[in-house]
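Below are the chains, spelled out letter by letter.
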Amino acid sequence: MSEPEQNDVNALWGGRFAGGPAAIMRRINASIGFDRRLSRQDLAGSRAHCNMLLAQGILKPAEAHAILKGLDAVEAEIETGRFALDEAREDIHMHVEARLAELIGPPAGRLHTARSRNDQVATDFRLWLREALDALDRDLLALLRALLAKAEAHADWAMPGFTHLQVAQPVTFGHHLMAYVEMFERDRARARDCRGRLNECPLGAAALAGTSYPIDRRATARALGFDRPMRNSLDAVSARDFALEYLALASILGMHLSRLAEEIVLWASPLFGFVRLSDAFTTGSSIMPQKRNPDAAELVRAKSGRLLGGFNALFAALKGLPLAYSKDMQEDKEPVFEAADTLALCLAAMAGMVADLLPQREAMARAAGLGHATATDLADWLVQQLDLPFREAHHVTGRAVRLAEQRGLALEALPLAELQAIEPRITAAVFEALGVTNALRRRTSEGGTAPERVRQAIAAAKARLRP
């Protein structure tokens, strides 16, 4: 590739530099390989800026008409794949400007009046990320609806609840899935908060200090769907916390997806046998014909690390930057673009897996009673019915559990006489509190796992998700 001439429209160096940059400089400086994704936003920003310049009398009608017509032609070339890319033009902004000059001549040079690439790229990036957050909201909504449908169908199916991955107390499968509904609803709220904070317009801040032209920043902000112009020109061109916030919420969402993916991996194992996945979301083994591997879940679990990596990369790039713009900020887009792509894929895969899950009722119910999972219910009964202090009730229950283990019985299978040998005041009414079904039925506190509470939670979540 030859060096650009000093007066080449693609060379940004002007008269200050006698020669063009070296090839390696072009390579490290160019961002067209990834920021071409901003083409639609760049055209929208240019149209809004052109219309404002016309309204303010800064552009003549003929100039504005030529620019707008030229931008339409550039857009048509991009949409049909005829738009040529050249690394020497660095970024999408210079590609559009250079092609506009080729199409309409001198009027193209007036489009950049009262504008810098600094406020231009900041505006384009906010427009792009706003759309990405809207898409994320739709994808999260699809996953939430898949979880609610599965939870509703299994609101009273018993399964073990775990602490330390040890059987702790019985819960319902619906209740377990509703925990993820809560997590993903918080993720959705974080995304909406992020969208609200980023929806301010940098355009008009120019390079860093504003401009002497009589521009109307509120007009361009309105035209582009922003709530308001950014208040400080230095902040407008240098702020990237909106991108960092997006990557932070993406990392948290990825962590939640990874936790659910891990549970699916465990549940689908023959050692658990709680769910089955169809061929749509599993793969076979090249050597073991009996295998059904939950590869989709494993890949969702792994990709959460990429999201966190993107956050760390951008955080490190920004942490030492003085005001205002530095070229380091060119590194803001790739992790954000990758995060958006990763989330779209992972959310679609997870929504599909949740819908595809076939819960195994007998396996879950059998596991729900393992490890004397209703021991806490016995202790609670002793407190509620015999007025024992909880610590004493805990001690009595521990003796009953030890006896059940020695006898190879479930707690509810111990004879009343043997329970009374431990605590004489125990009556036959104790058996109404023991056993998985009774334990689930009695967990009626707000947010509890009693099937009636689970159904109430599902109904409330459905109401929250209505448009």
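Residues numbered from 1 in each chain as written. Predicted model: local features only at pLDDT ≥ 70, side-chain atom pairs only at ≥ 80, totals over all residues. Heavy atoms only, no water.

*Asks:* I'd like a description of the state of the cysteines, backed by residues and values.
*Replies:* A covalent bond between the sulfur atoms of two cysteines is referred to as a disulfide. Under the counting rule described, the total for this entry stands at zero disulfides. With no disulfide of its own, Cys 50 lies 15 Å from the sulfur of Cys 201, the closest cysteine sulfur. (Disulfide = S-S within 2.5 Å.)

*Asks:* Help me get a handle on the pattern of salt bridges, residues and values and all.
*Replies:* It is possible for side chains bearing opposite charge to pair when their charged atoms get close. Taken as a whole and assessed by the stated rule, the structure comprises 31 salt bridges. The shortest N-O distance in the salt bridge between Glu 75 and Arg 47 comes to 2.8 Å. In this pair, Glu 75 sits in helix α4 (residues 61-79) while Arg 47 sits in helix α3 (residues 39-55), placing the two residues 28 residues apart along the sequence. The closest approach of N and O atoms between Arg 195 and Asp 134, which form a salt bridge, is 2.7 Å. On the criterion of sequence distance, the pair formed by Arg 195 in helix α7 (residues 173-198) and Asp 134 in helix α6 (residues 117-153) is long-range, its members being 61 residues apart. Each of Glu 77, Arg 89, Arg 99 and Glu 102 takes part in one network of salt bridges that share partners. (Salt bridge = Lys/Arg side-chain N within 4 Å of Asp/Glu carboxyl O. Helix = DSSP H or I, 4+ residues; strand = E, 2+ residues; numbered from the N terminus.)

*Asks:* Explain the nonpolar core residue by residue, including any values.
*Replies:* The nonpolar side chains of a soluble globular protein tend to be buried, and buried together. Counting 92 residues, the largest nonpolar core has Leu 136, Phe 184, Tyr 246, Leu 257 and Met 350 as its most contacted members. Among residues more than four places away in sequence, those in contact with Leu 136 are Ala 191, Tyr 246, Leu 249, Leu 253, Leu 343 and Leu 347. (Core = buried A, V, L, I, M, F, W, Y, C linked by side-chain atoms within 4.5 Å. Buried < 20%, exposed > 50% of the residue type's maximum accessible area, 1.4 Å probe, protein only. Contact = heavy atoms within 4.5 Å.)

*Asks:* A description of the environment of Leu 253 should follow, citing residues and the corresponding values.
*Replies:* With respect to the helices, strands and loops of the structure, Leu 253 is situated in helix α10 (residues 241-268). For Leu 253, a relative accessible area of 0% translates into the label buried. Not counting chain neighbours up to four residues away, the residues in contact with Leu 253 comprise Leu 136, Leu 140, Phe 184, Asp 187, Leu 343 and Leu 347.

*Asks:* So what's going on with the packing of α7 against α10? Residues and values would help.
*Replies:* α10 packs onto α7 with a crossing angle of 165° between their chain directions and a minimal axis gap of 9 Å. The angle between α7 and α10 falls in the class roughly antiparallel. The hand of the α7/α10 crossing is left-handed. Looking at the contact of α7 with α10 residue by residue, the class counts come to 16 nonpolar, two polar and seven charged. (Axes fitted to C-alpha atoms, helices over the stretch in contact; angles between N-to-C directions. Parallel < 35°, antiparallel > 145°, perpendicular 65-115°, else oblique. Left-handed = near helix turned anticlockwise from the far one by under 90°. Nonpolar A, V, L, I, M, F, W, Y, C, P; charged D, E, K, R; others polar.)

*Asks:* Describe in detail the packing of aromatic side chains, supporting the description with residues and values.
*Replies:* In this structure the tally under the stated criterion is eight aromatic pairs. Clustering of aromatic rings is evident, with ring pairs tying together Phe 125, Trp 128, Phe 242 and Phe 337. Lying across the ring of Phe 226, Arg 130 places its NZ or CZ 5.0 Å from the centre. Residue placement shows Lys 333 over the ring face of Phe 125; its charged tip is 5.4 Å from the ring centre. (Phe/Tyr/Trp six-rings, centres within 6.5 Å; stacked < 30°, edge-to-face > 60°. Lys NZ or Arg CZ within 6 Å of the ring centre and 35° of its normal.)

*Asks:* Let's hear about unusual backbone geometry: which residues, and what values?
*Replies:* The omega torsion of the bond from Leu 323 to Ala 324 falls at 5°, within 30 degrees of zero and hence cis. By the secondary structure assignment, Ala 324 is in the loop between α11 (295-318) and α12 (333-356). One non-glycine residue with positive phi stands out, namely Leu 165, at about 60°. When you line up the elements, Leu 165 lands in the loop between β1 (158-163) and β2 (166-172). Of note in this structure, His 372 is not a glycine but carries a positive phi near 50°. Position of His 372 relative to the elements: it lies in the loop between α13 (361-368) and α14 (375-386).

*Asks:* Help me get a handle on the pairing of β1, residues and values and all.
*Replies:* Pairing geometry for β1 and β2, over six bridges, is antiparallel. Looking across to β2, one finds that Thr 163 is bridged to Gln 166. Hairpin remark: β1 followed by β2, antiparallel, with two residues in the connecting loop; positive phi at His 164, about 60°. (Pairing = 2+ DSSP bridges.)

*Asks:* Describe in detail the environment of Thr 374, supporting the description with residues and values.
*Replies:* Tracing the sequence through the fold places Thr 374 in the loop between α13 and α14. According to the relative accessible area criterion, Thr 374 is buried, its value standing at 5%. C-alpha of Thr 374 to C-alpha of Leu 299: the two residues are 75 residues apart in sequence and 36 Å apart in space. Beyond its immediate sequence surroundings of up to four residues, Thr 374 is in contact with Pro 170, Leu 411, Glu 412, Leu 434, Gly 435, Val 436 and Ala 439.

*Asks:* With reference to specific residues and values, describe the confidence of the model for the protein.
*Replies:* When the pLDDT values of the protein are averaged, the result is 92; 94% of them are 70 or greater. Segment residues 1-10 is flagged for pLDDT under 50; beyond a separation of four residues in sequence, or across chains, it makes 23 contacts in the model. (pLDDT = per-residue confidence, 0-100.)

*Asks:* Break down α14 for me, citing the residues and quoting the values.
*Replies:* Think of an α-helix as turning once every 3.6 residues; residues three or four places apart then point the same way. Compared with the 16 Å implied by 1.5 Å per residue over twelve residues, the 16 Å span of α14 between its first and last C-alpha is a close match. Those residues of α14 that fall on the buried side of the exposure criterion are Ala 375, Asp 377, Leu 378, Ala 379, Asp 380, Trp 381, Leu 382 and Leu 386. Elements that come into contact with the buried residues of α14 comprise α15 (390-407) and α17 (436-442). Trailing α14 by a residue or two, Asp 387 shows a phi angle of about 60°, which is positive. (Expected span 1.5 Å × (residues − 1).)

*Asks:* Outline the side chain of Arg 115, supporting the account with residue identities and numerical values.
*Replies:* Considering the arrangement of structural elements, one finds Arg 115 in the loop between α5 (92-104) and α6. Within the buried core, Arg 115 has no salt-bridge partner, and the shortest N-O distance to an opposite charge, that of Glu 97, equals 5.3 Å. Of the polar contacts made by the side chain of Arg 115, one reaches the side chain of Ser 46; its length is 3.0 Å. With sequence-adjacent residues up to four places away left out, Arg 115 is seen in contact with Gly 45, Ser 46, His 49, Gln 120 and Leu 203. (Lys, Arg positive; Asp, Glu negative; His and termini not counted. Polar contact = N/O pair within 3.5 Å; in protein donor to acceptor, adjacent residues only side chain to side chain.)

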